[in-house]
There are 2 protein chains.
Amino acid sequence: MRPRDEQKEATIREKAIEMIVQEGFDGFSMQKLAKAAGLSASTIYIYFKNREDLLRQLYLAVDEVFAREALRHFDPAMPFEDGLWLQWKNRYRYILKHPLYFHFSEQFRNSPLIRQQDLHTPAFRSAMQQFVRNAVQRKEVAELPAEVFWAAAYGPFYILVQFHLQQSGMGGKPFSLSEQKLKQAFQLVIKALRP
Amino acid sequence: MRPRDEQKEATIREKAIEMIVQEGFDGFSMQKLAKAAGLSASTIYIYFKNREDLLRQLYLAVDEVFAREALRHFDPAMPFEDGLWLQWKNRYRYILKHPLYFHFSEQFRNSPLIRQQDLHTPAFRSAMQQFVRNAVQRKEVAELPAEVFWAAAYGPFYILVQFHLQQSGMGGKPFSLSEQKLKQAFQLVIKALRP
DNA sequence: GTTTTAAAAGAACGAACATTCGTTTATCTT
DNA sequence: AAGATAAACGAATGTTCGTTCTTTTAAAAC
């Protein structure tokens, strides 16, 4: 029997993400994807059940990479400031390395295609919860409702990143957020969260 | 001659926004919109040049309402803390009053359909710029790169709002962010931005 | 009340859509 | 080398898409 071509599936995934970032869900079709990937439309159905399944799988795969990169070298037992900065830097590095992936997931954020509960893996969520519990216990941060805390801890990060991502457009222009500005924003967050 | 039916155009706009919030750009079509609005598809083309024009007009109209509401009772000369809190409350009220509108604009945020520069009217942008210039001059806030400043001033707000918006889903469930939590987040932001 | 005009409807257009089907092709097993 | 099997393809399915055309309808102007 003939084996599956791993390179082929990888190409489908890459081109699909590219197309969605450039044209949105709206402009994304199986036939255009087939043409972009240089294969027949029916071949896509060997690797993915249907359009919806393809989108779902893409999202899950991208989110999994994100979760892995965000938690790199992270331990929920870390001192709060170190741990939060590590996560900021990890996410920053992820976005520099995979701007398309990041842009792609952002398309899902407010779309009806993915339920909120599907965002991030359970392991990721529980690691983050433990991290905050520790920080509160050690009185490194003020005690706050969870969503207020996360909004303060990551809101500035995401707004900053989104701004620079849009500045860079989708052409070749590089992502221009400097680590210095990132650090500046981070210092503000730390000041805000101190007890 | 027969006059245009203003009610008809209003219905088209409302139903279009509803449909986009519920099904995304992907699931939005002229024919489904016609059926939902109870008229012929060709009638839509009396009020809007085409699909793209319809989306553009919807976005501009919604954004105009937002800008008006956000600036309600606002003056760039206000003391910083008062002015920023007023804007937070204005935006909060806007989202409570028009959750669909807000959800609708969020769909555009990372989509290729609207250029970043089209976000918000020039009047809105310049009012905000003047507001910060004044605050810096009076040493009410630290001097920071513009995007770092805005990220810190509004990041927590938007993350908080997005979280509660997703919690409420799109069914009848009410938008559940309390003004108390809003105020808590605001206090953190003020603490962060002080010189 | 007739004429004028544009709104509104409905049918129709080709194009593009997601998906399936039958055939061909490439690779593994024997 | 022959046979088995699933990958890969091209063609075709029926549906839905955005938009236009033709006709009908309703209101304003006379």
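Here the structure is a predicted model, which means the values were calculated and not measured.

Conventions used here
- Residue numbers run consecutively from 1 along every chain, following the written order of its sequence.
- The naming scheme follows written order: chains are lettered A onward, ligands numbered 1 onward.
- A pLDDT threshold of at least 70 governs which residues receive local features in this predicted model, and a stricter bar of 80 or more applies before side-chain atom pairs are shown or counted, although totals over entire chains, interfaces and linings include all residues.
- Note that the side-chain values use all heavy atoms of the structure and ignore hydrogens as well as water.
- The contact rule is simple, with two residues in contact once any of their heavy atoms fall within 4.5 Å.
- Note: buried area is the sum, over both parts, of the accessible area (probe 1.4 Å) each one loses when the two are combined.
- Any Lys or Arg side-chain nitrogen located within 4 Å of an Asp or Glu carboxyl oxygen qualifies as a salt bridge.
- N or O atoms closer than or at 3.5 Å make up a polar contact, with two conditions inside protein: a donor-capable atom paired with an acceptor-capable one, and, for residues adjacent in sequence, both atoms drawn from side chains.
- Under the scheme used here, helices are H or I runs from DSSP no shorter than 4 residues and strands are E runs no shorter than 2 residues, and both carry numbers assigned from the N terminus.
- When we say a residue is near a molecule or strand, we mean one of its heavy atoms is within 4 Å of it.
- Here the copies were fitted onto each other by least squares, based on C-alpha atoms from residues at pLDDT of at least 70 in both.
- UniProt positions are given in the numbering used here, feature names are shortened, and annotations may be inferred rather than shown by experiment.
- To sort residues, take the accessible area from a 1.4 Å probe on protein chains only and compare it with the maximum for the residue type: under 20% means buried, over 50% means exposed, and anything in between is partly exposed.
- Where each domain starts and ends follows an automatic or database-derived domain assignment.
- Residue polarity is assigned by list, with Asp, Glu, Lys and Arg as charged and Ala, Val, Leu, Ile, Met, Phe, Trp, Tyr, Cys and Pro as nonpolar; anything else, Gly included, falls into the polar class.
- Aromatic contacts are taken between Phe, Tyr and Trp rings whose centres are within 6.5 Å, Trp giving its six-membered ring; a plane angle under 30 degrees counts as stacked, one over 60 as edge-to-face, and the others as tilted.
- By definition, being over a ring means that NZ of Lys or CZ of Arg is both within 6 Å of the ring centre and within 35 degrees of the ring normal.

Peer 1: Looking at this structure, how should I read the interface of chain B and chain A?
Peer 2: Interface size is commonly expressed as the accessible surface area that is lost when the partners come together. On the chain A side, the residues contacting the 39 residues of chain B number 39 residues. Counting each side, the surface lost to burial between chain B and chain A is near 3,400 Å², with a carbon and sulfur contribution of 60%. For the interface between chain B and chain A, the tally reads four salt bridges. Between K181 of chain B and E147 of chain A there is a salt bridge, with its nearest N and O atoms 2.8 Å apart. In this assembly, chain B and chain A are joined by twelve residue pairs in polar contact (both at pLDDT 80 or more). Going through the elements one at a time, α1 (6-23), α6 (99-109), α8 (146-167) and α9 (179-193) of chain B are the ones with two or more residues in the side of chain B that touches chain A. For the side of chain B that touches chain A, the leading source of residues is α8 of chain B, giving 13 residues.

Peer 1: Teacher, can you tell me more about the protein's contact with DNA strand D here?
Peer 2: Around DNA strand D, 24 residues are found, and the nearest of them are S42, T43 and Y47 of chain A together with M30 and Q31 of chain B. Counting only atoms of DNA strand D within 4 Å of the protein, the sugar-phosphate share comes to 60%. Here T43 of chain A contributes a side-chain N or O atom positioned 2.6 Å from a phosphate oxygen of DNA strand D. For the surface near DNA strand D, the secondary-structure elements that each account for two or more residues are α3 (41-47) of chain A together with α2 (30-37) and α3 (41-47) of chain B. Looking at which element gives the most residues to the surface near DNA strand D, the answer is α3 of chain A, with four residues.

Peer 1: What is the right way to look at the relation of the copies chain B and chain A in this model?
Peer 2: Applying a rotation about an axis and a shift along it to one chain copy brings it onto the other copy. Laying chain B over chain A is done by rotating through 180 degrees and shifting 0.0 Å along the axis; what remains is an RMSD of 0.0 Å. The operation mapping one copy onto its partner corresponds to a two-fold rotation axis. Interface overlap between copies: 100% of the residues of chain B at the interface are likewise at the interface in chain A, consistent with a symmetric, same-surface contact.

Peer 1: Mind showing me how you'd approach the UniProt feature "domain: HTH tetR-type" (unreviewed entry) in chain A here?
Peer 2: Those places that UniProt annotates as "domain: HTH tetR-type" (unreviewed entry) correspond, in this numbering, to residues 6-66 of chain A. Secondary structure across residues 6-66 of chain A divides into 80% helix and 0% strand, with the first and last C-alpha atoms of the span separated by 22 Å.

Peer 1: Can you help me understand the environment of A10 of chain A in this one?
Peer 2: Residues and elements named next belong to chain A. Relative to the elements of secondary structure, A10 occurs in helix α1 (residues 6-23). Under the relative-accessibility criterion, A10 is labelled partly exposed at 28%. For the pair A10 and E64, spaced 54 residues apart in sequence, the C-alpha separation works out to 16 Å.

Peer 1: Would you mind going over the domain arrangement of chain A with me for this structure?
Peer 2: Residue and element names in this part refer to chain A. Each domain of chain A was delimited in the assignment, giving domain 1 (1-48) and domain 2 (60-193). Between the C-alpha centres of domain 1 and domain 2 there is a distance of 29 Å. Overall, the association of domain 1 and domain 2 removes approximately 820 Å² of surface from exposure, summing both partners, and the carbon and sulfur fraction of that is 83%. Taken as a group, I17, V21 and F25 account for 70% of the area that domain 1 buries against domain 2, more than any other trio of residues on that side. At the junction of domain 1 with domain 2, the criterion picks out zero salt bridges. On the surface where domain 1 and domain 2 come into contact, there are one residue pair in polar contact (both at pLDDT 80 or more). When the residues that make up the side of domain 1 that touches domain 2 are grouped by side-chain class, the tally is four nonpolar, two polar and two charged.

Peer 1: Honestly, the pattern of salt bridges in this entry has me stumped. Any pointers?
Peer 2: Side chains that differ in sign of charge can pair as their charged atoms come close. Residue and element names in this part refer to chain A. Under the counting rule described, the total for this entry stands at 20 salt bridges over all chains. As a salt-bridge pair, E23 and K32 come within 2.9 Å of each other at their nearest N and O atoms. Overall, K32 belongs to the partly exposed group, its relative accessible area being 38%. A salt bridge links R72 to E69; the nearest nitrogen and oxygen atoms lie 3.8 Å apart. By relative accessible area, which is 6% here, E69 ends up buried. Several salt bridges share partner residues, and in doing so they unite E69, R72 and K97 into one network.

Peer 1: For this particular structure, what's the right way to read the packing of aromatic side chains?
Peer 2: Think of a pair of aromatic rings as described by two things: how far the centres are apart, and how the planes are tilted against each other in angle. Residues and elements named next belong to chain B. By the definition in use, this model includes 32 aromatic pairs over all chains. Judged by centre distance (5.0 Å) and plane angle (70 degrees), the rings of F104 and F108 are edge-to-face. Placement of the pair is F104 and F108 together in helix α6, with a separation of four residues, close to one helical turn. Here K183 stacks its cationic end above the ring of W85, 4.2 Å away from the centre of that ring.

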